[in-house]
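Coordinate analysis (summary)
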Amino acid sequence: EMNSSAVECLVLKDESWRETFYTPVSEIAHHLVGGYLIFLTCFGMVGNGLSLFLFLSTKALQTPENVLLFNQSVIDTLMMFFGQPYFAVASFYSNFHFDCNWIGPLLTFGGIGSIVNLAMIGYDRFVMICFPAESFWIRSMSRSLRLVAFVWTYAIVIAALPSVAGVGSFMPHALQTSCTFDLFTQTAQNRTYILTLYFAGFIYPFCFLVFCYVSIVQYISVRNKMHAHKVALRSAATVAASASRLEDPNSRPSLISAGETNGREKASAAEKKERQILRVSMMCVAAFLVT
């Protein structure tokens, strides 16, 4: 049996709209979704819990670069704890018995916080890789914590608009097993909130995220071409020097200084570390888009 708010919304719509959004679903389908949500919750709690444990227990991992990744695990854990179990129970009962007025904002916070945090991870990688000289001076724990504070403030403000400012509202989803924002009420406040969720909660962070990673890929591509060109020039110079030494029996092969070798090794190690963090960041983005 549907909640009263959903029934009131249905009265306002014609028959075709009702058939489109409220087609009955079999109990077997609901139970399959509930089982999948339980598996997803357990798998996500183990993975995110392991990430949180490693970060908190390993001092070497508590770096400014990993703070945003830690925050991503925190947000995902909150989503797993406050969202998925309720949906799983609702799927097994084929009805949502919980209050969307407090679950809806929590889900909104989790969704927006996740994509905005991913955007900040992309921005952090963009600065560190594309502007390495400048990033050396701004790389600090306080900067990373400010980015985390921005993520939480941004998500909380948007999620709290219905409760605090009365802009928009939440209602049961069409399948009656979860919550969503109100799609039916034709008021200026409600439409404003839907547009806010669409643009501020997805389009802007996603476009910023794409811009950062596209810029990183372009920068790495250009840098690799320049590096290949330098290697080719160095090889040509080495061949020329070798040929001149062969012609002069009194010449001695020049040795590369230990300082230069160490400098190259450190630069290579730093670049390898940046690429590893970039891979982890892109995996987080891919996981968000898939889910």
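Relevant structure appears above.
Not measured: the values here are computed from a predicted model.

1. Here's the deal with the overall build of the chain
- When its secondary structure is counted, the chain shows 10 helices and two strands.
- Counting from the amino terminus, the chain carries its helices and strands in the arrangement α-α-α-α-α-α-α-α-β-β-α-α.
- Evaluated residue by residue, the chain yields a buried proportion of 34% over its 291 residues.
- Considering only intrachain contacts with a sequence separation of at least 6, the fraction spanning at least 24 residues in the chain is 75%.
- When the accessible surface of the chain is split by element, carbon and sulfur atoms take 69% of a total near 17,600 Å².

2. Quick look at the state of the cysteines
- Inspection of the entire model under this criterion finds one disulfide.
- Put simply, Cys-100 and Cys-179 are joined by a disulfide, and their sulfur atoms are 2.0 Å apart. The disulfide joining Cys-100 to Cys-179 has a torsion of about -85 degrees about its S-S bond and is therefore left-handed. Taken together, the residues span a long stretch of sequence, with Cys-100 in helix α6 (residues 100-130) and Cys-179 in strand β2 (residues 179-181) at a distance of 79 residues.

3. Some thoughts on the packing of aromatic side chains
- Overall, the coordinates contain 13 aromatic pairs when judged by the stated rule.
- Consider the rings of Phe-55 and Phe-70, whose centres lie 4.5 Å apart with planes at 25 degrees: the pair is stacked. Residue Phe-55 is found in helix α3 (residues 27-57), and its partner Phe-70 is found in helix α4 (residues 64-82); the two are separated by 15 residues along the sequence.
- Relative accessible area serves as the criterion here: at 13%, Phe-55 is assigned to the buried category.
- Residue classification places Phe-70 among the partly exposed positions, given a relative accessible area of 22%.
- Note on Phe-170 and Tyr-193: the rings are 6.1 Å apart at their centroids and 85 degrees apart in plane angle, and the pair reads as edge-to-face. Separated by 23 residues along the polypeptide, Phe-170 in strand β1 (residues 170-172) and Tyr-193 in helix α9 (residues 188-247) bring together distant segments of the chain.

4. Some words on α4
- Helix length check: α4, at 19 residues, gives a terminal C-alpha distance of 28 Å against a target of 27 Å (1.5 Å per residue), a fit within 8%.
- Listed in full, the buried residues belonging to α4 are Pro-64, Glu-65, Asn-66, Val-67, Leu-68, Leu-69, Asn-71, Gln-72, Ser-73, Ile-75, Thr-77 and Met-80.

5. Comments concerning a nonpolar patch on the surface
- Taken together, Met-45, Leu-78, Phe-81, Phe-82, Trp-102 and Leu-106 make up a surface patch of nonpolar side chains, about 500 Å² in accessible area.
- Contributions of two or more residues to the nonpolar patch are made by α4 and α6.
- It is α4 that provides the largest number of residues to the nonpolar patch, a total of three residues.
- Relative to the helices and strands, Leu-106 is located in helix α6.
- A relative accessible area of 32% means that Leu-106 is categorised as partly exposed.

So, how was this worked out
Residues numbered from 1 in each chain as written. Predicted model: local features only at pLDDT ≥ 70, side-chain atom pairs only at ≥ 80, totals over all residues. Heavy atoms only, no water. Helix = DSSP H or I, 4+ residues; strand = E, 2+ residues; numbered from the N terminus. Buried < 20%, exposed > 50% of the residue type's maximum accessible area, 1.4 Å probe, protein only. Contact = heavy atoms within 4.5 Å. Areas by Shrake-Rupley, 256 points an atom, 1.4 Å probe, with all protein chains shown as cover. Disulfide = S-S within 2.5 Å. Phe/Tyr/Trp six-rings, centres within 6.5 Å; stacked < 30°, edge-to-face > 60°. Expected span 1.5 Å × (residues − 1). Patch = residues over 30% accessible without salt bridge, like charges linked within 9 Å, V, L, I, M, F, W, Y side chains within 5 Å. Salt bridge = Lys/Arg side-chain N within 4 Å of Asp/Glu carboxyl O.

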